[in-house]
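One letter stands for each residue in the lines below.
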Amino acid sequence: MRVGVVTFPGSLDDRDAARAVRIAGGEAVALWHADADLHGVDAVVLPGGFSYGDYLRCGAIARFAPVMGELVKAAQGGLPVLGICNGFQILCESHLLPGALVRNDSLHFVCRDQRLRIESTSTAWTSSYEVGQEIVVPLKNGEGGYVADEATLDRLEGEGRVVARYLELNPNGSRRDIAGIANERGNVVGLMPHPEHAVEPLTGPTTDGLGFFTSILKGLVEA
Amino acid sequence: MSTAPRKSRDTVDDAIAHPEREQPYAELGLKANEYERIKEILGRRPTSGELAMYSVMWSEHCSYKSSKVHLRQFGDKKPETDKLLVGIGENAGVVDIGQGWAVTFKVESHNHPSYVEPYQGAATGIGGIVRDIISMGARPVAVMDPLRFGAADHPDTRRVLPGVVAGIGGYGNCLGLPNIGGEVVFDPCYQGNPLVNALCLGTLRHEDIHLASAKGVGNLVVLYGAKTGGDGIGGASILASETFEDGGPAKRPAVQVGDPFMEKLLIECTLEVLHAGLVEGIQDLGAAGISCATSELASNGDGGMHVVLDKVPLRDHTLTPEEILMSESQERMAAVVTPANIDAFLDVCRKWDVDAAIIGEVTGTGRLVIEWQGEVIVDVPPRTVAHDGPVYERPIERPDWQDALIADAPSSLKRPASAEEVRATVLQLVGSPNLASKTWVTSQYDRYVLGNTVLAQPEDAGVVRVDEGSGLGVAISTDCNGRFAKLDPYNGAKLALAEAYRNVAATGAEPLAVTNCLNFGSPEDPAVMWQFSEAVRGLADACLELGTPVTGGNVSFYNQTGDVAIHPTPVVGVLGVIDDVEKRTAMALGREGDVVLVLGETRDEFAGSEWAHVVHGHLGGIPPEVDLAAERWLAQVLVAGSRSGLLSAAHDVSDAGIAQALVEMSLRGGVGATVTVPDGTDPFVLLLSESTARAVVTVSPSDVAALESLAGQHGVPVTRLGVVGAPGADLVVENVYGGTASWTLDELRATADATLPALFG
Amino acid sequence: MARVVVDVMLKPEILDPQGKAVEGALGRLGLEGVTSVRQGKTFTVELDGEIDEERLAQVHELAGSLLSNPVIEDYVIREVTA
């Protein structure tokens, strides 16, 4: 199973995402922002970081990178794509996911071990979890507040497209405590917390994040 | 904006033809005798460009002119070691950690810029130290920040601290470097002179070490990274040489603004050209910018250098050549590249969207020649700029108030005398700004990125994995108690080293090497110079005794307002190696029923303590005894106990003693302990004394004998205190003046967590 | 109701990394001849009642202290609507 990890100028968690793919049993394939070619990968992770410095708006410049043209087409055709943190912001700027991410309501960057509830297991990236399962993974963002209009939020809820929700504390002012969402098909998922930082007991608070990566591998094997 | 001469051109020919021209050397921070010395070196008056270069390079900040004679001790008293691959004098020292791996680490100050503009000052402090590390050929893997501010409730601290923390986070997070530790200390002595020190750690393979030198006649000098603008012109000499008393806002030069995105590209680009073997020599541009980079590269090389200043890419086309030479624009590097490699080098720069320009070449003339619009404006022996600056033996005098300070012992201070008073005192300390939880600060830093952080704050030391295959890792800690150093600078420096050394050992890592950031007042004050010389002597002596060489460091003088200097603050960083990070010891109390013990001896020592400071506002007396042999033995027990899996937790005992250590271990683990003060021991002394060479550890009941035997072999006293409770259990201390003092975890957590958010929002 | 619009820009000599990143993106997206982009902030301040010289002076003072950081930024009051 070959999972591509895109590196933009300013991507930071690309090595971590690749490590998580390997620990889950997959092969990580490095994809370069300026290369308009997905090299035949079976799924793609857009990692965290500050692509192009996150200047202008987070993800706003990255969405125009050559690789994104191919990625948007492939995602519309069903290719599984997981955007983590900055990757989530890029997916929203690319209109693969609805809504947007704005500055944390605390106005501070926040790095903490965050409790989440998995709300949907019918996406390509969450099938390893149980509905209602609680997990703890790191969260680290300055602009992680998820916003969308009420109608969009209602539709996301109604269609079961809220993938994960913050528990105990809403760290960034996200509407309805939303930590992650999916597109209608469930192949594209955006997630503000960082499951790739919770895959080894030595370096993560838990290994709860591994499920995102085993989900995709399981799904690809079954497909 | 700038005090640099705004003349457009002053050539070498002009300098010869018009020797009489008056030059603003004093405004540039040079003394009359220094100006005369420049004229002697050149055999003529300097051009305005040469004057700009000498003035920044001969500033205290760049030349270490007041500290050099003292810093030599770090070399003279260097312990025998085969671990040091690159010693003092390079951008950063390099230490062998085995398996073909090496690490480089260094701490630097950005104190004055962070007071003027807290966000950018702190941000560019990170940027500068990271470039020092990449110019050694190492990949930066972690940062940490020892910070000191004025009183926590002072309005100006509310301006400075949030900006500094946001700047460190804003820059470091965007670079993708985990922030794994550091310090946040409050003391009124830092009011107006906050200390913003930044440490960076880098890793490299032995074969990848690179040094700053320009070798090989005909090789090209490439300037790459950000374009040059009017940032911090004169910053090196003026910001770092004058106290704020002299400089109102109008005199302050423009601050530098950092671009962490550019720095991230610069890291990737630099490591790619280094690993591809495309570089002969490399140097970062920090203070004194192009002046420093060209003169140091040429001075360390085997020839001269010819630079065409017109080739420097500019952000601001109105800059004069003198300003270009002095500009401190951030995120720039200089490399020496052979003509054969230049195309490949420029290709890598293009790949990373990094601007690069060939600005000159290495020559065999032994001179650094810089031309501007076809005329020579600088022609100097590079060594005289970079390395042969003035050296001063400043007057030293033990201050007359020192005896009175030492005589004012804390023995007469009222001590708690009942269980209830001990309970209240401990709570007061737990919530005091220096001991309270620093989560408000550290939660603004990314500690997870790169996925190799094994331990981060609030643990004793940061631990990062270096080799994912073997588990080889390093631990690093910085410490300094400025109050101890004020009472006794010689032993205060030793105590700073002892604490950092102990913190590293507490995680199970073997301490290997030392860096430092020596923050002091004005070197022109003989009392400050006495503090400085004593601290350096103490640190050098202690490094020799502990067998940990100093690999490099930084001196920051002029941290004072008017006549009042900060406490002498020799911040010491210790680096240790751990063969398998899986074996590291964390501080959290864990298994119910594990036995809690203290290693080391507790004496009645409260001078300079956190208790005297918080409860009585007192500073006086003789600081805790330094026993480096005991530190060494304790470290060996902690390392051996970690390797063998004996220790289930360990935490160094320092500020506010065993009580604070137990509180921190309980909160970290979410479980308290029940401990008993041994009969015949004074509970207050046991709980709050700050005697050194101690650690609180836990072991399973079946391992107590093994620990006692291990400690016995090393002559380390062991005292059994009690047992770890069930999850969520209270922290209980029995036999306290006939009663019991206990705290629920909820009240400890609420007390520790409330302080910083209440102050800073 | 009165309205005051305040523009805050980095001083010309101060590096503007955000503007520089946008400048690069505009070029990559095909806009030719871009020589410089500087990014700033606009504050629209609405006030009850009339705006007189005294209140305007207050706005000036706060624009130079709160809304901008005079160490690195300049401000201009672009518009005053009574």
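For clarity, every value in this text was computed on a predicted model and none was experimentally measured.

> In this structure, what is going on with the interface of chain A and chain C? I would like to understand it.
Listed as interface residues are five residues of chain A and, on the opposing side, eight residues of chain C. Linking chain A with chain C are zero salt bridges. The residue makeup of the side of chain A that touches chain C, split by class, is five nonpolar, no polar and no charged.

> Sorry, what's going on with the pattern of salt bridges here?
Opposite charge on two side chains lets them pair, provided their charged atoms get close. On inspection of all chains with the given rule, the structure shows 59 salt bridges over all chains. With a closest N to O distance of 2.8 Å, Arg19 of chain A and Glu468 of chain B form a salt bridge. Linking Arg19 of chain A in helix 1 (residues 14-23) with Glu468 of chain B in the loop between strand 15 (462-465) and strand 16 (473-479), this pair reaches from one chain into another. Relative accessible area serves as the criterion here: at 6%, Arg19 of chain A is assigned to the buried category. We classify Glu468 of chain B as partly exposed; its relative accessible area is 43%. Across the pair Arg502 of chain B and Glu631 of chain B runs a salt bridge, and its minimum N-O distance is 2.9 Å. A residue pair is termed long-range when its members are at least 10 positions apart, and Arg502 of chain B in helix 19 (residues 489-506) and Glu631 of chain B in helix 22 (residues 628-643) qualify at 129 residues. You'll find Arg502 of chain B and Glu631 of chain B in the same group, each marked buried. Put simply, Arg117, Glu119, Glu150, Asp154, Glu157, Arg165, Arg175 and Arg176 of chain A are held in one network by salt bridges that share partners.

> Explanation requested: the sheet that holds strand 3 (residues 73-81) of chain C in the structure shown.
Working definition: the strands of a sheet are paired by backbone hydrogen bonds and lie parallel or antiparallel to each other. Residues and elements named next belong to chain C. Taken in spatial order, the three strands make up an open sheet running 2-1-3, and their pairing is antiparallel. Edge positions in the open sheet fall to strand 2 (41-47) and strand 3, since each of these has one partner strand only. Across this sheet, the average inter-strand angle for adjacent strands is 20°, counted without regard to direction. Pairing of strand 1 (residues 2-10) with strand 3 involves eight bridges; the strand directions are antiparallel. Pairing of Leu10 across the sheet is with Glu73, part of strand 3. Contacts from helix 2 (residues 53-67) reach strand 1, strand 2 and strand 3, with the element oriented near 150° to strand 3.

> What should I look at first to understand the packing of helix 1 of chain A against helix 5 (residues 210-222) of chain A in this one?
The angle between the axes and the distance between the axes are what describe a pair of packed helices. Residue and element names in this part refer to chain A. Contact pair helix 1 / helix 5: the axes reach a minimum separation of 9 Å and the direction vectors enclose 60°. As judged from the angle between their axes, helix 1 and helix 5 are oblique. The element helix 1 and its partner helix 5 pack so that their crossing is right-handed. Across from Ala17, Ala20, Val21 and Ile23 in helix 1, the residues of helix 5 making contact are Leu210, Phe213 and Leu217. Looking at the contact of helix 1 with helix 5 residue by residue, the classes come out as seven nonpolar, no polar and no charged.

> What exactly am I supposed to notice about the confidence of the model for chain C here?
Low-pLDDT stretches of the model should not have their predicted coordinates read in fine detail. Residues of chain C with pLDDT of at least 70 account for 100%, and the chain-wide mean is 89. The spread of mean pLDDT over the elements of chain C runs between helix 1 (residues 17-28) of chain C, the lowest at 87, and strand 1 of chain C, the highest at 93.

> Could you clarify how one ought to interpret helix 10 (residues 260-275) of chain B in this entry?
Because each turn of an α-helix spans 3.6 residues, side chains separated by three or four positions in sequence point in the same direction. Residues and elements named next belong to chain B. Over its 16 residues, helix 10 extends 22 Å from the first C-alpha to the last, a length consistent with the 22 Å expected when each residue adds 1.5 Å. Burial analysis of helix 10 places 14 of its 16 residues in the buried class, the great majority of the element. Just past helix 10, the residue Gly277 takes up positive phi, approximately 70°.

Cut-offs applied
Residues numbered from 1 in each chain as written. Chains lettered and ligands numbered in written order. Predicted model: local features only at pLDDT ≥ 70, side-chain atom pairs only at ≥ 80, totals over all residues. Heavy atoms only, no water. Contact = heavy atoms within 4.5 Å. Salt bridge = Lys/Arg side-chain N within 4 Å of Asp/Glu carboxyl O. Nonpolar A, V, L, I, M, F, W, Y, C, P; charged D, E, K, R; others polar. Helix = DSSP H or I, 4+ residues; strand = E, 2+ residues; numbered from the N terminus. Buried < 20%, exposed > 50% of the residue type's maximum accessible area, 1.4 Å probe, protein only. Pairing = 2+ DSSP bridges. Axes fitted to C-alpha atoms, helices over the stretch in contact; angles between N-to-C directions. Parallel < 35°, antiparallel > 145°, perpendicular 65-115°, else oblique. Left-handed = near helix turned anticlockwise from the far one by under 90°. pLDDT = per-residue confidence, 0-100. Expected span 1.5 Å × (residues − 1).

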